[in-house]
Amino acid sequence: MLDKIIKDIKDAKTLTHENITALLDSPDETLWAQVFERADDIRKKNFGDAVHLRGLLEFSNYCKRNCLYCGLRKDNKTQYRYRMPPDEIVENAVQIASFGIKTIVLQSGEDPYYTTDIICNILRDIKKNADTAITLSIGEKTRDEYKAFFDAGADRYLIRHETASPSLYASLHPDSTLKERLNCIDDLFSIGFQVGIGCMVGLPGQTHSDMAADILLLQEKQPDMIGMGPFICNQDTPLQGALSGTIEQTLKMTALARIVCPRSHLPATTATGSIDRFGREKALAVGANVVMPNFTPLNYRMHYTIYPNKRCITEDGYKCNTCIRKMIENEGRTVATGYGHSLRFESSTGQTS
Ligand code: SAH
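Attention shifts here to the nonpolar core. L106, F149 and F193 are the most contacted members of the largest nonpolar core, which totals 97 residues. The element best represented in this core is helix α10 (residues 247–260), accounting for 8 residues. The contact partners of F193, leaving out residues within four places of it in the chain, are Y146, F149, F150, A154, D155, R156, Y157, L188, D224 and R344.

Here you go:
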């Protein structure tokens, strides 16, 4: 059966839940080497050797939600909280763009302080003052709010589905359901955003069948971007003591994501680089084509502790940028110079720029 699955992968056939589960059940390293090679080939064919940089700005760590795995959860009273004032967010975004970064990712907990108007003003001010695409990653909002963000200039929206298992999702998210998360994803697509979805790998209780469901969801949705990284246990959450996801699992899932979504932008995530010193390099070798240097000002960055031992917590944005560019070149890859829009919108230069 496994040989047949490898053949299906090589023939670019649609994968089934049963096939993906069987693959994930197999520890056979020669088999996985073939999967990794195929994923790398697909990346090369669709994106070449260029790696896109997305400059990350984590502008607030306040959150009204209580996701069990996340250090920013409302009930984590040990978490020091910060909010960047709107002017400072814009100022930082303009500075990030001045480093040649063509996408800025604005991420935060779900913080009601930033009203729709405030976010829209920030988006317009950045677009006015910097030549860059903007990705928002600020959680679940209404369709009208998403539409307002889009109209104000946001190009893309990252909203991981986190896990495609409805029961696992329910057990980890006291405030929402998988169905609500998927509705948000549908709203974002229908408005015209470039949308990123994805999951954590190695969540407590997550089975290979659950992980296969994540890959199938990616195959079905064909998102413009994918966010996938290991679950990393945070001791200041109710999941304290749980095992974190492994680099092996994460690389397998990254490769499968590339195989089922040949044309999605797929980052080597910070979490992958945090559980393994060369995690990002390894992800770049099995299908990833994006890296996200952190540009959050240092005085805030140390407090954006979604999980512990986060990579690059002590280097400023300038250094992070230089180090990541070097890393990409060491891997025999090049740094992309364009906006890195979805291949669906390949020829455009951004929805408003
Ligand atoms: N509030 C936004 C951004 C969330 S933080 C939103 O709801 O989309 C970005 C991502 O970090 C989450 O989507 C989640 O997948 C990941 N994350 C949170 N806690 C984590 C942990 N303990 N280990 C690894 N990744 C985690």
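Glancing now at the environment of A93. The topology assignment puts A93 in helix α4 (residues 86–98). Distance from A93 to A130, taken between C-alpha atoms, is 7.7 Å for residues 37 residues apart in sequence. Apart from the residues within four sequence positions on either side, A93 is in contact with L57, I104 and I126.

So, on to the pairing of strand β1 (residues 50–53). Across 2 bridges, β1 lies against strand β12 (residues 334–335) in parallel orientation. Residue A50 lies in a different strand from β12, and its bridge partner there is T334. Bridging between β1 and strand β11 (residues 290–291) involves 2 bridges; their strand directions are parallel. From the neighbouring strand, H52 faces β11, where its bridge partner is V290.

A few words now on the pattern of salt bridges. Inspection of every chain in the model, using the stated rule, returns 19 salt bridges. Residue D155 pairs with K127 through a salt bridge whose shortest N-O separation is 2.8 Å. Of this pair, D155 sits in the loop between α6 (143–151) and β5 (156–158) while K127 is found in helix α5 (residues 116–129), placing the two residues 28 residues apart along the sequence. By relative accessible area, which is 16% here, K127 ends up buried. The partner of E162 in a salt bridge is R181, and the shortest N-O contact between them spans 3.3 Å. With a gap of 19 residues between them, E162 in the loop between β5 and α7 (166–172) and R181 in helix α8 (residues 178–191) connect regions that are remote in the sequence. On the basis of relative accessibility, which here comes to 9%, the residue R181 falls in the buried class. What emerges from the salt-bridge pattern is a single network uniting R65, E110, E140, E162 and R181.

With that out of the way, let us pick up the site of the ligand. Of all residues adjacent to the ligand, which total 16 residues, the nearest are Y69, R160, E162, I232 and I306. Interatomic distance of 2.9 Å between a side-chain N/O atom of R160 and an oxygen atom of the ligand. Between the ligand and R181 there is a distance of 3.2 Å, counted from an oxygen atom to a side-chain nitrogen or oxygen. Across the complex, the protein chains shield 90% of the 550 Å² of accessible surface that the ligand would expose by itself. Of the residues assigned to the shell around the ligand, the class counts are 8 nonpolar, 5 polar and 3 charged.

Right, let's get into a negative patch on the surface. There is a patch of like negative charges on the surface, built from D3, D28, E29 and E248. Of the residues examined, D28 reaches a relative accessible area of 34% and is grouped as partly exposed.

Summed over the entire model, instances satisfying the criterion amount to 8 aromatic pairs. For the pair W32 and F36, a centre-to-centre distance of 6.0 Å together with 40° between the ring planes defines the contact as tilted. Placement of both W32 and F36 in helix α3 (residues 29–47) is noted, with a separation of 4 residues, approximately one turn of the helix. On the accessibility criterion, F36 (22% relative accessible area) is partly exposed. On the numbers, 5.8 Å between centres and 80° between planes, the contact of Y157 with F193 is edge-to-face. Note that Y157 is positioned in strand β5 and F193 in the loop between α8 and β6 (194–197), a separation of 36 residues in sequence. Given the relative accessible area of 0%, F193 is considered buried. Taken together through their ring pairs, the aromatic side chains of Y146, F150, Y157 and F193 make up a single cluster. Just above the ring of Y62 sits the side chain of R83; from NZ or CZ to the centre is 3.8 Å.

Of all the positions in helix α1 (residues 2–10), only I5, I6, D8 and I9 are classed as buried. All buried residues of α1 lie within an arc of 155° about the axis, which places them on one face of the element. Positive backbone phi, approximately 55°, marks A12, located one or two places after α1.

This part covers the pairing of β6. Neither face of β6 is exposed, since Q194 and G196 on one face and V195 and I197 on the opposite face are all buried. The pairing of β5 with β6 spans 3 bridges and is classified as parallel. By the bridge assignment for β6, Y157 is matched with V195. One ladder, built from 2 bridges, connects β6 with strand β8 (residues 225–226); its direction is parallel. Paired with G196 across the two strands is M225, which belongs to β8.

If you trace the 6 strands from one edge of the open sheet to the other, you get β2-β3-β4-β5-β6-β8, paired in parallel fashion. Each edge of the open sheet carries a strand with a single partner, namely β2 (55–60) and β8. Sheet topology note: the strand β3 (residues 103–108)/strand β4 (residues 133–137) ladder contains 5 bridges and is parallel. When the bridges of β4 are listed, I104 appears paired with I134. Taken strand by strand, α4 contacts β2 and β3, and its axis lies near 170° from that of β2.

Reading guide: rules and limits
- Residues numbered from 1 in each chain as written.
- Predicted model: local features only at pLDDT ≥ 70, side-chain atom pairs only at ≥ 80, totals over all residues.
- Heavy atoms only, no water.
- Core = buried A, V, L, I, M, F, W, Y, C linked by side-chain atoms within 4.5 Å.
- Buried < 20%, exposed > 50% of the residue type's maximum accessible area, 1.4 Å probe, protein only.
- Helix = DSSP H or I, 4+ residues; strand = E, 2+ residues; numbered from the N terminus.
- Contact = heavy atoms within 4.5 Å.
- Pairing = 2+ DSSP bridges.
- Salt bridge = Lys/Arg side-chain N within 4 Å of Asp/Glu carboxyl O.
- Near = heavy atom within 4 Å.
- Polar contact = N/O pair within 3.5 Å; in protein donor to acceptor, adjacent residues only side chain to side chain.
- Areas by Shrake-Rupley, 256 points an atom, 1.4 Å probe, with all protein chains shown as cover.
- Nonpolar A, V, L, I, M, F, W, Y, C, P; charged D, E, K, R; others polar.
- Patch = residues over 30% accessible without salt bridge, like charges linked within 9 Å, V, L, I, M, F, W, Y side chains within 5 Å.
- Lys, Arg positive; Asp, Glu negative; His and termini not counted.
- Charge placed at Lys NZ, Arg CZ, Asp CG, Glu CD.
- Phe/Tyr/Trp six-rings, centres within 6.5 Å; stacked < 30°, edge-to-face > 60°.
- Lys NZ or Arg CZ within 6 Å of the ring centre and 35° of its normal.
- Arc of directions from axis to C-beta.
- Axes fitted to C-alpha atoms, helices over the stretch in contact; angles between N-to-C directions.

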